[in-house]
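Below are the chains, spelled out letter by letter.
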Amino acid sequence: MQQLRDLPRLPNYGLSGSFGASAADRIALQTAVSRVTGHLARGRVLHFPVLFPCSPEAAHEVLVTKAKSFEKAPGFRVLLHTLAGQGLFTSEGSLWRRQRKLMSPLFQPAPIHHYAECMRLVAIRAANAMTPGTTLDLAHETMRIAMSVVGKALFDVDTFDEADALGGALTTCLRWVDRNLASPAVALHVLMLDLTEAAAERTTGRAKSLAQRLHERAAAPFLLPGARDPELLAAARLLDERMQAMIDERRASDLSRNDLMTRLLTALDADTGEHMSDRQVRDEAITLFVAGHETTATALAWSFYLLARDPAAMARAQAEADAFGDAPITSWQPERLAYLTRVFREAMRLYPPLVMFARRSLEDVEIAGTHVPARTITIVSAYAQHHRARTYPDPQRFDPDRWLPEREAERHKSAYLPFGAGPRVCIGIHFAMMEGPIVLATLLRRHRFEVDPRRTIDPDDFATLRPKGGVPAVVRARV
Ligand code: HEM
């Protein structure tokens, strides 16, 4: 059987190997992955080999058919520990399985439709606040909109943006995560987690309990730069206090509200007859807030940018929005938003908000005919899948009609991964796929956004694949 060392080697970007590289280098790396003609390639982090599944078939094996042989790579867990603790995005094993089962019913299309109206109202409020003739940054606007939507859906709060104390605290924590994303200290911290775990397994008596204590302490990212920064710690404290206050308030009012936080508090584990602990509700609520706004905001910002540069696509998008007349734009009739849905999907193909997903093999496993030893870091790149010329001819071209059902049917399921795939697939797909087209239609019905056609905006790969320098646009009134 083929071994990792037999695989084609990807070019090195940055000093420490495939990671620790600049954002531009990371995009260059993903582009190199998209050009590999075989199923797999290898790179490295420091001196450890990293596996890159390059074909949709190989990505499918890692994420779906052999998902049991992989866990999420621990780097994100360390980075998100202060903010999101053991929420669904970062948890593993039996805790993840229990939580996913408990939360999945809340994210099915029927309960999620309830939030369409809140998406529409937030978008209308944003449209009302835009003054024709002025220039604004569409990336900033979509961030405010997506933050308000998820804030309203989760916590039933109306004015939820960076000015709000909770929004400010979350932003402080997210900026810290952003700053540390490419830090080699993350790899060092993970190494320490592994070493203390191995020591706890192999020793006995006092040495064992010392190793266990160290391992538990290492769950908090104290090795990372700025982890003890007073501003970060104050923000984390404020988040804890505000979350607990919201939980107490809901319990005091007999859990009668209709927001997602109340639904988390009332969700009942059928096997044990138990509810989530307050701490777990806090971790899940913050996870949903974080996972649910920047991703959607980024996809919306790119959608506006791509439309503004393509007059024919813009005309079709506006016609779809205008066809609602004065009727409210909601997603109860998704077929009426079919073109904008294709626009949103194509924007996420070109600029997948989460560029790649890192896994680590839990055991020896065979992927696309290659032996992958236990503990191998494996990077599935949505960006690379979405830019493969074999799957998407002329991959740089914005073409929403790639998502006509008959064209989509020709492609492998794992050739399109904006939401991941398999058991860890995004739980918020229906939420995001409803919010995107509703917000696009609501704003496009009211305004035209002029983007300088001479200026190409590059992607900036951080927590999400943001438009570098934002999307400056002049607002023109349509009605
Ligand atoms: C356009 C918007 C969105 C994109 C592109 C997106 C993308 C993703 C991706 C790629 C994953 C899987 C990561 C992996 O496998 O390592 C994921 C997981 C997740 N997403 Fe989303 N997401 C979006 C919106 C949302 C929304 C609106 C919510 C909630 C309100 C949400 C909540 C989550 C959660 C909780 C997980 C972890 C699921 C698990 O591991 O069981 N996402 N998302």
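About the thresholds
Residues numbered from 1 in each chain as written. Predicted model: local features only at pLDDT ≥ 70, side-chain atom pairs only at ≥ 80, totals over all residues. Heavy atoms only, no water. Domains from an automatic or database assignment. Contact = heavy atoms within 4.5 Å. Buried area = accessible area lost by both parts, 1.4 Å probe. Salt bridge = Lys/Arg side-chain N within 4 Å of Asp/Glu carboxyl O. Polar contact = N/O pair within 3.5 Å; in protein donor to acceptor, adjacent residues only side chain to side chain. Helix = DSSP H or I, 4+ residues; strand = E, 2+ residues; numbered from the N terminus. Expected span 1.5 Å × (residues − 1). Buried < 20%, exposed > 50% of the residue type's maximum accessible area, 1.4 Å probe, protein only. Pairing = 2+ DSSP bridges. Axes fitted to C-alpha atoms, helices over the stretch in contact; angles between N-to-C directions.

### Points about the domain arrangement of the protein chain
- Along its sequence, the protein chain is carved into domain 1 (1–84 + 356–404) and domain 2 (85–183 + 224–354 + 418–477).
- Listed by partner, the interface residues are 37 residues for domain 1 and 48 residues for domain 2.
- The junction of domain 1 with domain 2 conceals about 3700 Å² of combined surface from both sides, 65% of it contributed by carbon and sulfur atoms.
- Summed over the shared surface of domain 1 and domain 2, the result is three salt bridges.
- On inspection of domain 1 and its partner domain 2, the count reaches 18 residue pairs in polar contact (both at pLDDT 80 or more).

### Quick look at helix H7 (residues 138–155)
- The first and last C-alpha atoms of H7 sit 25 Å apart over 18 residues, in line with the 26 Å expected at 1.5 Å per residue.
- Among the 18 residues that make up H7, 15 are buried, leaving the element largely enclosed by the rest of the structure.
- Its side-chain oxygen 2.9 Å from the backbone nitrogen of Ala139, Asp137 forms the N-cap of H7.
- Backbone geometry just after H7 places Asp156 at a positive phi near 60 degrees.

### Details of the sheet that holds strand E10 (residues 447–450)
- In spatial order, the strands read E5-E13-E10; together these three strands make up an open sheet with antiparallel pairing. The sheet is open, and its two borders are formed by strand E5 (135–137) and E10, each paired with just one other strand. Along the sheet, successive strands turn relative to each other by an average axial angle of 40 degrees, direction set aside.
- Two elements, E10 and strand E13 (residues 472–477), share four bridges in a ladder whose sense is antiparallel. Residue pairing across strands places His447 opposite Ala477, the latter belonging to E13.
- Strands in contact with H7 are E5, E10 and E13; relative to E5, the strand with the most contacts, it is inclined by about 60 degrees.

### Quick notes on the sheet that holds strand E8 (residues 370–372)
- An order of E1-E8-E7 is seen for the three strands of this open sheet, with the pairing classed as mixed. The sheet terminates laterally at strand E1 (2–3) and strand E7 (365–367), the two strands that pair on one side only.
- Sheet analysis places E7 next to E8, joined by three bridges and oriented antiparallel. From the neighbouring strand, Ile367 faces E8, where its bridge partner is Thr370.

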